Amino acid sequence: MNRKMLMNLAVYGFVLGAATGCSGMGKMADAPSRAAGKPAVAAKSAGQARAALEAGKVSKAVGLAEAAVAASPRDAGYRALLGQAYLNDGRFASATAALTEAVELGASDSNTIIALALAEIAQGKNRDAIVLLEAHRDTVPASDIGLALALAGDSESAIYVLSEAARAPDASARTRQNLALAYGLSGRWAQARILASQDLSPAKLEGRMAEWSKLAETPDAPVRVASLIGTKARADAGMPVRLALSNFGETQMAAADAAQLASADPAPVEAYAPPPPVLADAGGAIRSVELPMPERGEGGVVPVTELPQPKPAAPVILADAAPYRAAPRVAEENGGVLRPAQKQAIELATRIVPAAFDRNKPTGWAVQLGAYDSLGIAKEKWGGLKKRSRMLADFPASSHAATVKGRTYYRLTVNGLATRADATSLCNELKAQGQVCFIRAMGGSESIQWAAKASPLRLAAR
């Protein structure tokens, strides 16, 4: 990571550790390559590429990183380093390609994941970036994930993740500044100012708020990400085709290794001759017919005119062509259009049916949507979430207090889920809509302080 980028991020008051390299980018490709190719050449080129990045010579770093990948094409670290170089150079399409291939080869460090998320956000692939971040939540620090989610447009999830991280006793000023920026990007500038003022002097606060405001007003995603990392978005035709991972399959690389180890003076041909083919026994598969011996008469051999015929096979009993019971017609009536009642029947057949929920003895499984400072906030959040997702209205909800490290939070959960599979299925559907959630088992001892009933199921008129 070059020093210009580090200084630029320091001005904003936050650091995307994985994307900018502040949490280990400089050591990403330190380990020697174990992939096929020219490991010595690759290691030397990678070291020079890192030095060029530190010196701010991004174009030079790109060329050296490409040389490292060409020398050792199946090394995940070198491809991740190349993706970081592309990202620093404002070539977001190339960065996405290189970093995606690094992940395919096994790279899962926070540097690579955040860098790939930033490259996808710069190309408008916000949904792909959100899915990537959710899949690596255990790897990437919460402060980095939260800010990346905010840049991807998922403000609610970003504020939730960063609020949880900011409540920790060891929360840093960077985490609080990330949360303040997330509030700002969501349009809540009053809260952003209050949070930012905790770690900044009044003089620096005004400058910080002006910079954040300018960042929020930038509509162009490539320009926004480029301004964050201190570079300029460039026209990008993509990573060179010769470096694509598809050109270096495992089978192909194994064959290359074998060719290098082969002797220049081959052994005699007999040593490599394949064994003679083994003919399959077709005795049980071919039917034979014995022919009678020809009879000799006065005029010579008399040809056989009649051959014995094989015994006829047993008759095949065919089933009736028509089924025993005709299937009910569904879409044939009314010109192939389903009636409302038919549509609802199909929907009910695939929908999770809420189980009974007893607030006095809560059992079963639940999907937690968040944890808030007060019961009133939890109720307000439930009302908003029901409007955003119609499926939530079909389930009961509740809130109960939980004390974590001396502070009391109010968990908001969706109840009425009889099995873990039902809870997982509902949570996955919510995640597909961009909602942060996770499942938990209700032990029966929770003190429910508020509960909302499920909306009654309305049947369509026939």
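Residues numbered from 1 in each chain as written. Predicted model: local features only at pLDDT ≥ 70, side-chain atom pairs only at ≥ 80, totals over all residues. Heavy atoms only, no water.

## Notes on the sheet that holds strand S6 (residues 438–441)
Basically, it comes down to this: If DSSP finds at least two bridges between two strands, the strands pair. Only runs of H or I of at least four residues qualify as helices and only runs of E of at least two qualify as strands under DSSP, and these elements are numbered from the N terminus. The axes are straight lines fitted to the C-alpha atoms, using for helices just the contacting stretch, and the angles between their N-to-C directions are given from 0 to 180°. Working rule for contacts: check all heavy atoms of both residues, and any pair within 4.5 Å makes them a contact.
The 5 strands lie next to each other as S6-S3-S5-S4-S7, forming an open sheet whose pairing is antiparallel. Each end of this open sheet is capped by a strand with a single partner; those strands are S6 and strand S7 (448–452). Here the average twist between neighbouring strands, direction ignored, is 40°. Helix H18 (residues 375–388) contacts strand S3 (365–372), strand S4 (397–404), strand S5 (407–417) and S7 of the sheet and is inclined by roughly 35° relative to S5. Where helix H19 (residues 420–432) meets the sheet, it contacts S3, S5 and S6, and its direction lies at approximately 45° from that of S3.

## Notes on the layout of surface pockets
Threshold: Computed over the protein atoms alone on a 1 Å grid, cavities are sets of points where a 1.4 Å probe fits but cannot get out and pockets are open sets with protein on both sides within 12 Å along at least five of seven lines; a residue lines them when it has an atom within 4 Å of a point. Grid points are joined across faces, edges and corners, and a volume is the space filled by probe spheres set on the points. We call Asp, Glu, Lys and Arg charged. Ala, Val, Leu, Ile, Met, Phe, Trp, Tyr, Cys and Pro are nonpolar, and the rest, Gly among them, are polar.
In this structure, the largest pocket encloses a volume near 770 Å³. Along the wall of the largest pocket there are 31 residues; nearest its centre are Ile159, Ser163, Arg167, Tyr183 and Tyr372. Counting only elements with at least two residues in the lining of the largest pocket, the list comes to helix H10 (155–166), helix H11 (173–185), helix H12 (189–196), S3 and H18. The leading source of residues in the lining of the largest pocket is H10, at 7 residues. Here the residues of the lining of the largest pocket are counted per class, giving 13 nonpolar, 7 polar and 11 charged. By volume, the second largest pocket is sized at about 290 Å³.

## Regarding the packing of helix H3 (residues 39–54) against helix H4 (residues 58–71)
Inclusion rule: Here roughly perpendicular refers to angles of 65 to 115 degrees, roughly parallel to angles under 35, roughly antiparallel to angles over 145, and oblique to all remaining angles. The crossing is said to be left-handed when, going from far helix to near helix, the turn is anticlockwise and less than a right angle, and right-handed when the turn is clockwise.
Contact pair H3 / H4: the axes reach a minimum separation of 8 Å and the direction vectors enclose 160°. The pairing of H3 with H4 is recorded here as roughly antiparallel in orientation. Pair H3 / H4 crosses with left-handed handedness. From H3, Val41, Ala42, Ser45, Ala46, Gln48, Ala49, Ala52 and Leu53 reach across to H4, where they touch Lys60, Ala61, Leu64, Ala65, Ala67, Ala68 and Ala71. Across the contact of H3 with H4, the residue classes tally to 12 nonpolar, 2 polar and 1 charged.

## Focus: the environment of Ala182
Worth spelling out the cut-off: Buried residues are those whose accessible area, probed at 1.4 Å on protein chains only, stays under 20% of the maximum for their type, while exposed residues exceed 50% and partly exposed ones sit between those limits.
Structurally, the position occupied by Ala182 is in helix H11. Owing to a relative accessible area of 0%, Ala182 belongs among the buried residues under this scheme. In sequence terms Ala182 and Ser155 are 27 residues apart; their C-alpha atoms lie 6.6 Å from each other. If near-sequence neighbours (up to four positions away) are discounted, Ala182 is found in contact with Ala150, Ala158, Ile159 and Leu162.

## Side note on the nonpolar core
We count it as follows: Among buried residues, the Ala, Val, Leu, Ile, Met, Phe, Trp, Tyr and Cys ones that are joined through side-chain atoms within 4.5 Å form a nonpolar core.
Ranked by internal contacts, the top residues of the largest apolar core, which has 69 residues, are Leu82, Tyr86, Leu87, Phe92, Leu133, Leu149 and Ala196. Among the elements that take part in this core, helix H7 (residues 110–122) stands out by supplying 9 residues, more than any other. In contact with Tyr86, other than residues within four places in its own chain, are Val62, Glu66, Arg91, Ser94, Ala95, Ala98, Met239 and Pro240. Grouped together as the second largest cluster of nonpolar side chains are 20 residues, Val367, Leu385, Val414 and Ala452 included.

## Some thoughts on the state of the cysteines
What counts here: The definition used for a disulfide is geometric: two cysteine sulfur atoms within 2.5 Å.
By the definition in use, this model includes 1 disulfide. Between the sulfur atoms of Cys427 and its disulfide partner Cys437 the distance amounts to 2.2 Å. Residues Cys427 and Cys437 share a disulfide whose torsion about the S-S bond is about 110°; that sign makes it right-handed. One end of the pair, Cys427, is in helix H19; the other, Cys437, is in the loop between H19 and S6, and 10 residues separate them in sequence. Cys437 gets classed as buried once you look at its relative accessible area, which sits at 5%.

## Quick look at the pattern of salt bridges
Heads up, the rule is: Counted as salt bridges are all cases of a side-chain nitrogen of Lys or Arg within 4 Å of a carboxyl oxygen of Asp or Glu.
If you walk through the whole model with that rule in mind, you get 11 salt bridges. Salt-bridge contacts for Arg91 lead to Asp236; the nearest nitrogen and oxygen are separated by 3.5 Å. Here Arg91, found in the loop between helix H5 (76–88) and helix H6 (92–104), pairs with Asp236, found in the loop between helix H14 (221–228) and helix H15 (250–261); they are 145 residues apart in sequence, far enough to count as distant. When its relative accessible area of 24% is taken as the criterion, Asp236 is described as partly exposed. A salt bridge links Lys381 to Glu156; its shortest N-O distance comes to 3.3 Å. Of this pair, Lys381 sits in helix H18 while Glu156 is found in helix H10, placing the two residues 225 residues apart along the sequence.

## What to know about H18
Threshold: The span you would expect from a helix comes to 1.5 Å times its residue count less one. Throughout, the arc means the angular range of directions from the helix axis out to the C-beta atoms.
If you check H18, its first and last C-alpha atoms are 20 Å apart, about what 14 residues at 1.5 Å a residue would give, namely 20 Å. Three or more residues of H18 are buried, namely Ala378, Trp382 and Leu385. All buried residues of H18 project into a common sector of 70° when viewed along the axis, lining one side. The outward face of H18, more than 90 degrees from its buried face, is lined by the exposed residues Glu380 and Lys387. Tucked into the core, H18 has its buried residues touching S3, S4, S5 and S7.

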